[in-house]
Structures are given as structure tokens and as C-alpha cells.
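# Chains, contacts and geometry: an overview
Read off the chains here:
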Amino acid sequence: IMNKDVLGTRRGYAAVVVATMLPKKELFQLNELARANGIAFIMAVTNGVTSSIFSDFGPNHEITDATGEPTQTLAISNVEVLDSKPKLLDVAGVKEGEQVVVVTVAQNEHGLEDGDVVVLEDLRQGMEGLNGMSVTVKRVAIASPTAAKVDTRGVAFKTALGLPTESVVSNFERQYDFYKSAFDEDEGNANKKFPVRTITIFNRLAFVLNDDNGKKMLEKTSVDAFRQYQSGGLLNQVRPPIYKQYKSLAETLQGTPVPQMLRGEDWELGKGVEVHLSIAAALDFHEKNNRWPQLHNADDASQMVEIAQSISDSRKDTEGACWAQSIQYGFPMGEPRDVDEKRIARYSRLFAAELTGFCAFLGGAAAQEVIKASGKFTPIDQWVHHDEEALVVDECASNVGPLFGSRYDYQIAILGKDFHARAANQRVFLVGCGALGCEYLKGLALMGIATGKDGKIVVTDMDRIEVSNLSRQFLFRQPDVGHPKSVRGAMVVKKWNPSVNIEALEKKVGDDSEDYFNDKFWENLSVCWNALDNVQARQYTDARCLFYSKPLLESGTLGTKCNHEVVLPFRTSSYNDGKESDDNENQIAMCTLRSFPYLPKHCIEYAKQAYFSDYFEFGPDVYENFRQDPMAFFEQLDTMDSGEQSRALRMIKAFIDLQEEAGGSIDFNACVRIAFNRMMKDFRTSILDLSHSADEMEKSSGKKFWTGTKRRPRPV
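Bear in mind that the values here come from a model prediction, so they are computed numbers and not experimental data.

A word on the overall build of the protein chain. Counting its secondary structure elements, the protein chain contains 22 helices and 21 strands. Across its three principal directions, the C-alpha atoms of the protein chain cover 95 × 75 × 70 Å. Taking all 716 residues of the protein chain together, the buried fraction comes to 41%. Summed over all atoms, the accessible surface of the protein chain reaches about 38,600 Å², with 52% contributed by carbon and sulfur. The positive charge centre, built from 82 side chains, and the negative charge centre, built from 100, are 2 Å apart in the protein chain.

Taken together, four strands build an open sheet; the order of strands is S1-S2-S3-S15 and the sheet is mixed. The strands lining the two open edges of the sheet, one partner per strand, are strand S1 (15–18) and strand S15 (383–387). Across the sheet, the axes of successive neighbouring strands diverge by a mean angle of 10 degrees, strand direction being ignored. Strand direction decides the pairing type here: strand S2 (residues 40–47) and strand S3 (residues 50–56), joined by seven bridges, are antiparallel. Each residue of the ladder has a partner; that of Phe-41, found in S3, is Asp-56. The strands touched by helix H1 (residues 24–36) are S1, S2 and S3; relative to S2, the strand with the most contacts, the crossing angle is about 150 degrees. Helix-sheet contacts for helix H7 (residues 272–289) involve S3 and S15, and the interaxial angle to S15 is about 105 degrees.

All right, on to the sheet that holds strand S17 (residues 456–460) then. Spatially, six strands are ordered S18-S17-S16-S19-S20-S21 in an open sheet, and the strand pairing comes out mixed. Two strands in the sheet have a free side with no partner beyond their single neighbour: strand S18 (502–505) and strand S21 (561–567). With strand direction ignored, the average angle separating the axes of adjacent strands in the sheet is 15 degrees. In the sheet, strand S16 (residues 427–431) pairs with S17 via five bridges, with the strands oriented parallel. Bridging from a neighbouring strand, Leu-430 pairs with Val-459 of S17. Where helix H15 (residues 485–496) meets the sheet, its contacts fall on S17 and S18, and the angle it forms with S18 comes to roughly 160 degrees.

Turning our eyes to something else, we now look at the nonpolar core. When a protein is soluble and globular, its nonpolar side chains tend to lie buried together. Formed by 39 residues in total, the largest nonpolar core has its most connected members in Leu-27, Phe-41, Met-43 and Leu-249. Looking at this core, the elements with two or more residues in it are S1, H1, S2, helix H5 (249–254), H7, helix H8 (298–314) and helix H9 (341–349). In terms of residues, this core owes the most to one element, H7, which gives nine residues.

One pass over the full model with this rule turns up 23 aromatic pairs. Judged by centre distance (5.8 Å) and plane angle (70 degrees), the ring pair of Tyr-347 and Phe-351 falls under edge-to-face. A single burial state applies to Tyr-347 and to Phe-351, both of which are buried. Arranged with centres 6.1 Å apart and planes meeting at 90 degrees, the rings of Phe-626 and Phe-634 form a pair that is edge-to-face.

Running from N to C, H8 and H9 point in directions that differ by 130 degrees, and their axes come no closer than 8 Å. When the interaxial angle is binned, H8 and H9 end up oblique. Handedness of the H8/H9 crossing: right-handed. Note on element contacts: H9 touches H8 through Glu-341, Ile-344, Ala-345, Tyr-347, Ser-348 and Arg-349, opposite Asp-300, Ala-301, Met-304, Val-305 and Ala-308.

In this section: the environment of Val-100. Note that Val-100 resides in strand S7 (residues 100–105). For Val-100, a relative accessible area of 2% puts it in the buried group. For Val-100 and Glu-80, which are 20 residues apart along the polypeptide, the C-alpha to C-alpha distance reads 8.5 Å. Every residue in contact with Val-100, bar those within four places of it in the chain, is listed here: Glu-80, Val-81, Leu-82, Lys-85, Val-94 and Ala-206.

Right, let's talk about H8 for a bit. Its 17 residues place the ends of H8 25 Å apart at the C-alpha level, agreeing with the 24 Å of an ideal helix rising 1.5 Å per residue. All of the buried residues in H8 are Asp-300, Ala-301, Gln-303, Met-304, Val-305, Ile-307, Ala-308, Ile-311 and Ser-312. Its buried side turned inward, H8 meets H7 and H9. Between the side-chain oxygen of the N-cap and the backbone nitrogen of Asp-299 there are 3.0 Å, and the N-cap of H8 in question is Asn-297.

Turning our attention to unusual backbone geometry. Omega for the peptide link from Gly-401 to Pro-402 comes to -10 degrees, which places this bond in the cis form. With respect to the helices, strands and loops of the structure, Pro-402 is situated in the loop between helix H11 (397–400) and helix H12 (409–415). Phi at Asn-191 is positive, roughly 65 degrees, even though this residue is not glycine. Turning to its location among the elements, Asn-191 is positioned in the loop between helix H3 (165–185) and strand S10 (196–208). What makes Asn-191 exposed here is its relative accessible area of 86%. Positive phi outside glycine occurs at Tyr-329, with the angle close to 50 degrees. On the basis of relative accessibility, which here comes to 64%, the residue Tyr-329 falls in the exposed class.

Across the seven residues that make up strand S8 (residues 117–123), a large majority, five, are buried. Pairing between S8 and strand S9 (residues 134–145): three bridges, direction antiparallel. When the bridges of S9 are listed, Val-117 appears paired with Thr-136. Note that S8 and strand S11 (residues 232–238) share six bridges and pair antiparallel. Its bridge partner lying in S11, Val-118 is registered against Gln-237.

The next thing to look at is the pairing of S9. The buried fraction of S9 amounts to 10 of the 12 residues, a majority that puts the element mostly inside the structure. Note that strand S6 (residues 89–90) and S9 share two bridges and pair antiparallel. Looking at S9, one finds that Leu-89 is bridged to Ile-142. Examined bridge by bridge, S9 and S10 share 10 bridges and lie antiparallel to one another.

Rules used throughout
Residues numbered from 1 in each chain as written. Predicted model: local features only at pLDDT ≥ 70, side-chain atom pairs only at ≥ 80, totals over all residues. Heavy atoms only, no water. Helix = DSSP H or I, 4+ residues; strand = E, 2+ residues; numbered from the N terminus. Buried < 20%, exposed > 50% of the residue type's maximum accessible area, 1.4 Å probe, protein only. Areas by Shrake-Rupley, 256 points an atom, 1.4 Å probe, with all protein chains shown as cover. Lys, Arg positive; Asp, Glu negative; His and termini not counted. Charge placed at Lys NZ, Arg CZ, Asp CG, Glu CD. Pairing = 2+ DSSP bridges. Axes fitted to C-alpha atoms, helices over the stretch in contact; angles between N-to-C directions. Contact = heavy atoms within 4.5 Å. Core = buried A, V, L, I, M, F, W, Y, C linked by side-chain atoms within 4.5 Å. Phe/Tyr/Trp six-rings, centres within 6.5 Å; stacked < 30°, edge-to-face > 60°. Parallel < 35°, antiparallel > 145°, perpendicular 65-115°, else oblique. Left-handed = near helix turned anticlockwise from the far one by under 90°. Expected span 1.5 Å × (residues − 1). Polar contact = N/O pair within 3.5 Å; in protein donor to acceptor, adjacent residues only side chain to side chain.

Just distances and angles here, no functional claims.
This is the structure we're talking about:
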């Protein structure tokens, strides 16, 4: 662990991961050594139906990016200084009558929280001095009578938010007075409080001017500077570093009164106390007996219960310690109770066993914690436990033993022979063999699924393995590149467990493959398991499972996020009951892209659509079609709408004119000339034309044109 040149990198270890329970003295020493040398310490252990993960990032850990989410860039459309905050307007920390600066952004939802920090950029017209300054923001909300039932997703509400803040407040005040008057006139409401709800206005933010950031800003300018606002400006979100102090393994093993559980309801009930005491008891058991509790050993279980009770009793008078006390809603009440002997005894009896699913889960969780050593993402709060009592359903001696000495002994010791026999004869349809599909195939093979005479796994995936897949689809290696994912994945797990009956297909699951995936196929299945990457295919398999009354296991990943769903026909909601689409809900209007872009992504999208798509795809394609077969091209032209027809003909004419000017051949100098002319047309001539038209509109109407997000462009 003290090696300062790991694998020739001239760097030491960033993290140490303990994946099996070590003797108490050795475990604590390793943890202290890691803490002393700035090395992250992660322990991930699974015993029977109980799993635990512990993270220790030392006494002073810097978190540079707490969430890993992309930071927001918001376009300012208006800035208002309210000299007296209205009663109905709600901004945390700002009292009624106090001055407040409210910023309206162009986006419908800013996505920021109270206390987030933004940097002001691209302010113009006398406000340049504010550029580069950091300011803390707060959400803006407004009080509305509950009886009004305002539809915040409706068109009327969103249209109203386009008005100045004072007008928005005025509208809500009239509504408030109307409902308040009706409420007061009703004699049945005497001595009752007028019911009001708070509606967050997601296109507005308030600047905090009384914290350190605000005071620094006011040292260089005044609030009146914001009154000059006319147009433009960006708010770029920044994430200040967070510093956290972590305690050692020894400290937290004793000093965690309500250990965190994976399920919130288990934490609220204090079920983590027994797991915490069980781990402490297991360490003391090993220290006393020089071995760990043995599988299904009743004497060891009794001794573990005694040790756990003794540890709990010894901690009663220690403030903040973990001991058997009553816990309500996650808060220790200080009332002694007996330890849960049944759970601790079960922990001991199954201590030596491991389940494939728990190992996979802990491996992923521990890997995520290792990444957090870099400062990105927030580590877990030291301990997280999970205890899955539902897996232990039949502890009959003849069901969980005697064991056969097989690779499935641990699974049988926990889940029983009956379960294993049923699992061996399951018929599983795995749709997809990518990142999730590889994980599921591994788990199925290691659990012995489909190893019986009636069992079978059918895996299908149309994709071929690419080099980029190798970083996350662990069943594949370099020699597999170019081969079908399903075939190679099945080949690998078949080597791991030759008893698995598995068939690999390269078929798409959809309407056009129902000749293969027919009634007989679906009716013979036990379960369908999705490992897909698109909504359309998910919707299809969900519909098939509902039609044939088959259970569906649905899941998906997006970066570090994931979701899962168990769908039981006619017992739970189905996947199609939800609303999900592959369509981009944040489409950018073309007029915004071409004439009034106000965010960097608008310029990127314009380059993709107008430049790459038109000049490198659409234009060359239509010209080549015209050159090779003019008659077929004109037939194709008839199927286009008028706008696309005009664009296609202009592109073809441009290519013909270029060749005529160059005398039939285009050299490098001609390419430079073409590029220069295009740049002048798009980034100078068209901008000067737009600016001139806008200025003429201002003169004729008397109203300013360049306001809000419409910013005067600068020609090259």
C-alpha cells in the first residue's frame, strides 16, 4: 500500500478496497494506514443475505463536483430590481419590504437550487463591470390559494410568466384577494387558516446580495447597476468545492447510532443497528476463536448473539454510540431494547455464504466509491447496509442441507434446494447483450439458471462488438471485436458454466420478427429480461409480455444513473403505462438557431444542422443523385415539400456554378475561396442585413428590438 510507483506510473495508490472480512486488528491497521497517507479506504462485504459498504476518504476530503451533473448555462431575458418585496413573493432569507434583484431566464426551468452559485457573463450596455462576478442565487416562489388550482404546466401560466415580475405578482394578488374574500365570507371557515400553497417560478432567480459573493459585488458596483439592463447576459453555474471530514472504521463501527440502510424505511426503523452490531460481533468472534462463524452452526450463532448483546450493553452510556435502543423515523430515542436475536443468529449462520447478486451489486458500488477519490461525486456517508430477509423463506434442514459440495452450495444454503431446482429449469429470454446484458448473462450462468433439462436462456442482440464496448462490456476482449455480441457473450459464459443451456441469436425483437418470436416461443418462456437501449423496443417487449402474461424485468442505465422495474402482468403497472420517448423534449427553434442564438449550444447546433448537414450531407447527396440519374432525381424531388425542393435545387446550382467558375476542376485555392465567400455570406453579410432590418424596425415602431435574449450580433 505504501508503493509510490504503482505499475510505473510514479504515483501511489489512490484507494484500497477490502472485499472480504479481515481480522479486527489487521482491518483497523489497514484503515489507519490509508488515512495517514491520503488513500481512500473502501470495504465491501457480503455475508448471506446481508451486505455492507464502508467508505473513508480521510480527515479532509475535497469534493470538486458533488453531483457530476453538467453545469447550467442560462440566458438572461430580464433583470428587475424590486425595491420592496411583495407579500406574496417568496425568496428564502428575504423579508417582506426588503429590496430584491430578480432575474428572468429564457429557459422554462433553470434547474438550480437555493444556494447555487453562478458567474455573470456577456453583460453589455453599461453592465460590463459585472461580468466575471460570482453571485449566489435563490429560487423565487409565489403564494397562491389552494382553491385556485393553478395549472403550472398549462399554456396560460407559462405565458403569464413572460410578463415582468411586478405584473405577475399583481395578477396573483388579485387572485389571492378574490379567494381570500370568498373564504372569509363563509361562516364555516371561522377560526380556520386560509389554505395557501407555494408555487415555484422556475424561470426566475433572486440574487443574494448579503453573503460574501454579494458583498464583493457591491464593493465594485451598486444595486442600481442592474436597473440598466436591456438585453443579453448569461448565468454560468459553478460548483464551489466542498470539504468533508470522514471518521475511521473503528470510530464509525462504534459511533454510528442509526446506521444507514439501502432502503429508507429500514433506516427509519433502525434495522441497521443489528447489522452494525453483527459486524462488530463477528470481528470480536474471530478475535476470540481465531476463525469466523461457520455455515449453519447453531453454537456459533448463539455465541454471536451473546457477543452482540454484550457490545450493545457496554455502549449504552456512550453518547452517539450504536446500541440496541428504540428508533423512530431514524432518530434514536434512548430507550433500551433487546437485540434482535433472530437476525443476528441468521447473520452468523449464513456468514460464510455469498450470493452472486450481492457480489455484483457491491462490486459496482465499490467501483463507484473508488472513482470518488478523484473528488468527483459525493461519497456515501461512511456506512450503508442492506439486509434482504425476504430471500430466506424456507430454512427447513432438509431444504438448505446437507450440501453437495457443488458450485451452488452457498446459494442452496440460503435459498434452498427447491429454489435451485426451479431456477435450473427456468426459460429466460434476454433481449440485449450490451453493458447490462453482459452483467445479466454472468449472473444467470453463475447462479445455475437454465442448467436443468427443461431450462434455456435465449439471448438476442443485432449489434457487433466495437472497440469502444470493451471498457464496459466485460465479457468481450480485443479478439471479439467485429463479432456478434450475443454469440460471443454466450460463448464466454458457456465456458464458465458448461451446464448452462444457452442459445444466441442476432434477431431484432419487433413486428418484423414475429415469424420467429411466435406464440409458441413466448408461451414457453418463464421470464423476459430487457437489456435494451431504446424506448421503442422496450415498449414492444412490454406489450408482448402483457399479451402472453409473462413477467418482465426492465432496466436501463444513463451514465452513473440507473433504473429498474419488475412488471407482473395484471398485478403491477406495465412499462407502457408510463410516458417515455426517445424524442428530444428540448428542441431548439430554427429561428433561434439562425437569427437569435443566445447560448453556446445554439451555435453548435447551428453548425451541425446548417453546415455539416447541408454542406457535407444533404448538398453532396442530392447533387450526386442528380449527376448520376437526372430523371430519378426529379421523381425524388416531387416527393419533397416546397422548402426542401428549393434547398435541393439551390445546392445543385451552387455545385454547378462552382465547377463552371473553376473550368471543370477545383483546386485547393478554389476551396479556400469558396470557404471565404461562405464565411462572409453567413457571418458578415447576413448579420449586417439583420442588424440593418432591426434598426429600421426600431425607427419605425419606436420600440427597442434588441431586448431580452435578442442580442445584437457582431459581424466578423
